[in-house]
Amino acid sequence: MKKLINKKFIIFLKIFSILLFWKTITLLNPSFLPSPGEVFQILFVELNNGNLLHHTFKSLFRVIIGVTLGALTGVSLGLLITRFQPFLDLLNDLILVLKSIPPIAWIPLVILWLGIGEASKIYIIAYASFFPIVLNTILGVKSIDKNLLKMAKSMNLKGFQELKEVIIPGALPSILMGLRIGLGVGWMSLIASEMIGATAGLGYMIEESRLILSIPRVIVGMIIIGILGFLGDKSLQRLEKKLIPWL
């Protein structure tokens, strides 16, 4: 009980410190940032009229689908190419080259290939989240204790059995770290994905607010993205503790 009260107090103290610092900046230079009061006023307006929830659910849908696709392809490819050295030699450099291309650079081609519907936005998020996941999967498999692999061979574990009993458990900490990074990158690429002819979403809301010079509304969108990203990362941390409690 005491630990819970201390934890809540620390959270309160952090939020209070941020708001105090924010308010101090607006007092020193009112043109630099809108005050917390202005932002919270817009937040309540957007909540009451349903706009914020609409934009939030649209973005959540795109991020969940995009990161899930990035995770499925990233983990699958990472496990595959580490099991076959020729694939690793062939694809490793290609992955590193493609990783260096920012998601926003793909927008013209993605519009040409997929149009301006949901598929193009989800592709950008999936592309961004794929690389940290596949690279962490490869790193995880490479870091598995060689003695465990020898033991698996001595027990005649092959194929799916070896994958299930040795490879995936051994690489799991690194895979989960890749998922956390991939989720963060997915949220960061959200605005780029929602620049592709979007009519809803937090990225669209921020861009629309910028055009009409509604800076408090821009900050509302940024805060919601930050909170959702934080909650997503915390959820993955809890999953990590359940799946690998020994770490």
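Residues numbered from 1 in each chain as written. Predicted model: local features only at pLDDT ≥ 70, side-chain atom pairs only at ≥ 80, totals over all residues. Heavy atoms only, no water.

So, about a nonpolar patch on the surface. There is a patch of nonpolar side chains on the surface, built from F40, F44, L47, L53 and F57 and spanning about 490 Å² of accessible area. Those elements that place two or more of their residues in the nonpolar patch are α2 (36-48) and α3 (51-83). At three residues, α2 tops the list of elements feeding residues into the nonpolar patch. Tracing the chain through its elements places F44 in helix α2. (Patch = residues over 30% accessible without salt bridge, like charges linked within 9 Å, V, L, I, M, F, W, Y side chains within 5 Å. Areas by Shrake-Rupley, 256 points an atom, 1.4 Å probe, with all protein chains shown as cover. Salt bridge = Lys/Arg side-chain N within 4 Å of Asp/Glu carboxyl O. Helix = DSSP H or I, 4+ residues; strand = E, 2+ residues; numbered from the N terminus.)

Here the focus is the environment of L96. Take L96: it is sitting in helix α4 (residues 85-99). C-alpha of L96 to C-alpha of L135: the two residues are 39 residues apart in sequence and 8.9 Å apart in space.

We now examine unusual backbone geometry. Despite not being glycine, L213 has its phi angle at roughly 60°, a positive value. Inspection of the secondary structure assignment puts L213 in the loop between α10 (202-211) and α11 (215-243). Looking at L213, the relative accessible area reads 69%, which means it is exposed. (Buried < 20%, exposed > 50% of the residue type's maximum accessible area, 1.4 Å probe, protein only.)

Time to look at the packing of aromatic side chains. A complete count under the given rule lists six aromatic pairs for this structure. Plain terms: the ring middles of W106 and W113 are 6.0 Å apart, the flat faces sit at 50° to each other, and that makes the pair tilted. A centroid spacing of 5.0 Å and a plane angle of 80° characterise the contact between F130 and F131, whose relative ring orientation is edge-to-face. Considered together, F130 and F131 belong to a single accessibility category, that of buried residues. In this structure an aromatic cluster arises from ring pairing among W106, W113, Y123, Y127, F130 and F131. (Phe/Tyr/Trp six-rings, centres within 6.5 Å; stacked < 30°, edge-to-face > 60°.)

What follows concerns the side chain of S174. Along the chain, S174 falls in helix α8 (residues 159-188). S174 gets classed as buried once you look at its relative accessible area, which sits at 14%.

Glancing now at α2. The end-to-end C-alpha separation of α2 is 18 Å, in line with the 18 Å expected for 13 residues at 1.5 Å each. Taken together, the buried positions of α2 are occupied by P36, V39, L43 and E46. All buried residues of α2 lie within an arc of 95° about the axis, which places them on one face of the element. Away from the buried face of α2 by more than 90 degrees, exposed residues Q41, F44 and N48 are located. Of the residues flanking the end of α2, it is G50, one or two places downstream, whose phi is positive at about 85°. (Expected span 1.5 Å × (residues − 1). Arc of directions from axis to C-beta.)

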